[in-house]
Amino acid sequence: MHINFAMWRKASWELIKMDDKKEWDALDVVSKWLIATRSAVTAVTVYSCIIAGALAWRDGYFHCSRGSS
């Protein structure tokens, strides 16, 4: 089993469908993990969180309170 950086990149950005067990068995552990956890969907979720955080920051929903005395 060899490290397949191309599959890591592909699995990080698009959903992979595995039809053949032999193909699945030939993958390295990281590739299997990226495919099984649907990491491409996670990336989309992170983007939406960043956009929501930026909009909340722009509108002043984040503030720093330095203690009350």
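To be clear, the structure that these remarks concern was listed above.
Residues numbered from 1 in each chain as written. Predicted model: local features only at pLDDT ≥ 70, side-chain atom pairs only at ≥ 80, totals over all residues. Heavy atoms only, no water.

Chemist: What am I meant to see in helix α4 (residues 39-58) here?
Modeler: One turn of the α-helix equals 3.6 residues, which is why residues spaced by three or four share an orientation. With 20 residues, α4 should reach 28 Å at 1.5 Å per residue; the first-to-last C-alpha distance of 29 Å fits that figure. Within α4, the full set of buried residues consists of S39, A40, A43 and A56. Of the surrounding elements, those touching the buried residues of α4 are α1 (5-13) and α3 (29-36). (Helix = DSSP H or I, 4+ residues; strand = E, 2+ residues; numbered from the N terminus. Expected span 1.5 Å × (residues − 1). Buried < 20%, exposed > 50% of the residue type's maximum accessible area, 1.4 Å probe, protein only. Contact = heavy atoms within 4.5 Å.)

Chemist: Could you clarify how one ought to interpret the nonpolar core in this entry?
Modeler: Where a protein is soluble and globular, its nonpolar side chains tend to be buried together. Residues M7, A11, L27, L34 and I35 constitute the largest nonpolar core, which totals 5 residues. Put simply, the parts of the chain that give this core at least two residues each are α1 and α3. Those residues in contact with A11 that lie beyond four places of it in its chain are I16, L34, I35, S39 and A40. (Core = buried A, V, L, I, M, F, W, Y, C linked by side-chain atoms within 4.5 Å.)

Chemist: Hey, could you run me through the packing of α1 against α4 in this one?
Modeler: When two helices pack together, you describe them by how their axes are tilted relative to each other and by the distance separating the axes. For the pair α1 and α4, the least separation of the axes is 5 Å and the interaxial angle reads 55°. When the interaxial angle is binned, α1 and α4 end up oblique. The residues of α4 that touch α1, namely those facing A11, S12 and W13, are S39, A40, A43 and Y47. For the contact of α1 with α4, the class distribution of residues is 5 nonpolar, 2 polar and no charged. (Axes fitted to C-alpha atoms, helices over the stretch in contact; angles between N-to-C directions. Parallel < 35°, antiparallel > 145°, perpendicular 65-115°, else oblique. Nonpolar A, V, L, I, M, F, W, Y, C, P; charged D, E, K, R; others polar.)

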